[in-house]
Amino acid sequence: MKPEFPLDRRRLLQAAAAWSAMAATGAAQAAAPARDLSGVTLRVGTYKGLWRPLLTASGQADTPYKIDWRELNNGVLHIEAINGDALDLGSGSEIPPVFAARQKSSVKLVAVTHEDLNNQATLARKDSPIRSIADFKGKRVGYVRATTSHYYLARQLAEAGLSFSDIQAVSLTPSDGLSAFARGDLDAWAIYGYNGQLARTQYGARTIKTGVGYLSGNFPIYANPRALDDALRRAALSDLLQRLQRSFAWINGNFLAYARAQSAETRVPVGDLVELFNGRSGDYSLGPVTDAVVRGHQQVADTFLKIGVLDGPADVKPLWDRSFESVLRLPAA
């Protein structure tokens, strides 16, 4: 029988190198004077089934500080909470920070995760004659405004010589979009995450295109500047980012354990989660901010300006904080 999660030699060597680098970082920290973080409580935004069960499943949940988990299921809410000083750390796609840059919101982007882009997909109903993006002309197409689905749908349409004015674009929340898709109120749908998987497994949706080639694959981690300015909270955030980095590396060789933890929280069947993982566009990781990450983010902002989503240019560079580079440095590939 084939192994459920085959790993090639290159991935094994990369994983070993990553763990060696992390162990070295941990040893260096152990030699440094320890801070008493027992009085610190970090307010951390999470999505159902993600960071909270991930830390537990990977054995990284025993922190020397408390975590007040706050479930906020989109990046806009994470940034709003940080801007209102109700959150210390959050995450999301590159899209909400584009608007944050335009609005001069108080938020910093301190790291990036790299996740699956095959689950960022443009779908068609199983009984639809749609076979390509060009067939979207005049059709009812759902998407989630100001998210990755808005961005990659715009790029896919442009590639096919179309724009939003050529389709019946319908902005819906992911759950409302799933209901509309199930009823037949949409011909196609640009969506991400569990709802896209449910559309495929429960309603036979066909994948027309994925986010590969249209999205950078960079998902920023958002931080509260006030927390960064506080020595103890910064130390706790540094520790948490390293724990998350180890956890993201752990996913790639232990996905079944993570899928079970996810399923317990989300009620999405383990088999569906495993299927998503087996079809992933690349391995999971968490890394530092780089020049390429910032350039890719600016491309997103410029694209949104070009298609009229923004009312003016957005400079994203000032949002990025590279002060955690030393603790999140990755080994050379």
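This is a predicted model, so every value here is computed, not measured.

**Things to note about helix 6 (residues 174-183)**
Listed as buried for helix 6 are G177, L178, A180 and F181. Down the axis of helix 6, the buried set is contained in an arc of 165°. They therefore lie on one face. Here the buried face of helix 6 lies against strand 5 (120-124), strand 8 (188-192) and helix 7 (193-203). Just past helix 6, the residue G184 takes up positive phi, approximately 90°.

**Examining helix 4 (residues 95-103)**
Of all 9 residues in helix 4, 7 are buried; the element is thus mostly enclosed. Considered for burial, the residues of helix 4 that qualify are I95, P96, P97, V98, F99, A100 and A101. At the exit of helix 4 stands K104, carrying a positive phi of roughly 55°.

**Considering the packing of aromatic side chains**
A full pass over the atoms with the stated rule returns 8 aromatic pairs. Ring plane angle 70° and centroid distance 5.2 Å describe the contact between Y143 and F164, whose orientation is recorded as edge-to-face. One end of the pair, Y143, is in strand 6 (residues 140-143); the other, F164, is in the loop between helix 5 (148-159) and strand 7 (168-171), with 21 residues separating them in the sequence. Overall, Y143 belongs to the buried group, its relative accessible area being 7%. With a centroid separation of 6.4 Å and an interplanar angle of 10°, the aromatic rings of F277 and Y284 are classed as stacked. Three or more aromatic residues link up through ring pairs in this structure, and these residues are F248, F255, Y258, F277 and Y284. Positioned above the aromatic ring of F277 is the side chain of R280, whose terminal nitrogen or guanidinium carbon lies 3.8 Å from the ring centre.

**Considering the pattern of salt bridges**
Scanning all chains against the criterion turns up 16 salt bridges. Across the salt bridge formed by R70 and D68, the nearest N and O atoms sit 2.8 Å from each other. Residue classification places R70 among the partly exposed positions, given a relative accessible area of 29%. Overlapping salt bridges bring together R43, D85, D88 and R233 as one network.

**Notes on the side chain of H78**
Turning to its location among the elements, H78 is positioned in helix 3 (residues 75-83). Side-chain polar atoms of H78 contact the backbone nitrogen of S91, separated by 3.0 Å. Those residues in contact with H78, other than ones at most four positions away along the chain, are G45, T46, Y47, L72, L87, G90, S91 and Y222.

**Considering the confidence of the model for the protein chain**
Averaged over every residue, the pLDDT of the protein chain is 89; residues scoring 70 or more account for 89%. Below pLDDT 50 for its whole length, residues 1-33 participates in 27 contacts with residues either more than four positions away or in separate chains.

**A few points about unusual backbone geometry**
Keep in mind that most residues, glycine aside, have a negative phi and that most peptide bonds are trans. Here the phi dihedral of K104 falls at roughly 55°; this positive angle occurs in a residue that is not glycine. Examined against the element boundaries, K104 turns out to sit in the loop between helix 4 and strand 4 (108-114). For K104, a relative accessible area of 70% gives the class exposed. For R267, which is not glycine, the phi torsion reads 70° and is therefore positive. Looking at the secondary structure, you find R267 in the loop between helix 10 (255-266) and helix 11 (270-278). R267 sits in the exposed class, given a relative accessible area of 70%.

**Some details on the pairing of strand 7**
The pairing of strand 6 with strand 7 spans 4 bridges and is classified as parallel. Within strand 7, the position partnered with R140 by the bridge is Q168. Note that the unit made of strand 6, helix 5 and strand 7 has a crossover that is right-handed.

**Thoughts on the sheet that holds strand 6**
What the 5 strands build is an open sheet, ordered 7-6-8-5-9; its pairing is mixed. Looking at which strands have only one partner, the edges of the open sheet turn out to be strand 7 and strand 9 (206-210). Strand-to-strand, the axes of this sheet are offset by a mean angle of 25°, without reference to chain direction. One ladder, built from 5 bridges, connects strand 5 with strand 8; its direction is antiparallel. When the bridges of strand 8 are listed, T122 appears paired with A190. On top of the sheet, helix 5 reaches strand 5, strand 6, strand 8 and strand 9; it is set at about 135° to strand 8, its chief contact.

**Considerations on the nonpolar core**
V98, F136, F304 and W320 are the most contacted members of the largest nonpolar core, which totals 46 residues. Those elements that provide at least two residues to this core are helix 3, helix 4, strand 4, strand 6, helix 5, strand 8, strand 10 (218-223) and helix 12 (291-306). Leaving out residues up to four positions away in the same chain, F136 has contacts with T122, I130, V141, L153, L157, D166, I167 and A188. In this structure, A111, I221, L228 and V274 belong to the second largest nonpolar core, which totals 36 residues.

**Notes on the packing of helix 5 against helix 12**
For the pair helix 5 and helix 12, the least separation of the axes is 11 Å and the interaxial angle reads 70°. Judged by the inter-axis angle, helix 5 sits roughly perpendicular to helix 12. Read as a crossing pair, helix 5 and helix 12 show a hand that is left-handed. Where helix 5 approaches helix 12, its residues H150, Y151 and R155 are matched on the opposing element by Q299, V300, T303 and F304. Split by residue class, the contact of helix 5 with helix 12 holds 3 nonpolar, 3 polar and 1 charged.

The rules we used
- Residues numbered from 1 in each chain as written.
- Predicted model: local features only at pLDDT ≥ 70, side-chain atom pairs only at ≥ 80, totals over all residues.
- Heavy atoms only, no water.
- Buried < 20%, exposed > 50% of the residue type's maximum accessible area, 1.4 Å probe, protein only.
- Helix = DSSP H or I, 4+ residues; strand = E, 2+ residues; numbered from the N terminus.
- Arc of directions from axis to C-beta.
- Contact = heavy atoms within 4.5 Å.
- Phe/Tyr/Trp six-rings, centres within 6.5 Å; stacked < 30°, edge-to-face > 60°.
- Lys NZ or Arg CZ within 6 Å of the ring centre and 35° of its normal.
- Salt bridge = Lys/Arg side-chain N within 4 Å of Asp/Glu carboxyl O.
- Polar contact = N/O pair within 3.5 Å; in protein donor to acceptor, adjacent residues only side chain to side chain.
- pLDDT = per-residue confidence, 0-100.
- Pairing = 2+ DSSP bridges.
- Right-handed = clockwise from strand over helix to strand, strands pointing away.
- Axes fitted to C-alpha atoms, helices over the stretch in contact; angles between N-to-C directions.
- Core = buried A, V, L, I, M, F, W, Y, C linked by side-chain atoms within 4.5 Å.
- Parallel < 35°, antiparallel > 145°, perpendicular 65-115°, else oblique.
- Left-handed = near helix turned anticlockwise from the far one by under 90°.
- Nonpolar A, V, L, I, M, F, W, Y, C, P; charged D, E, K, R; others polar.

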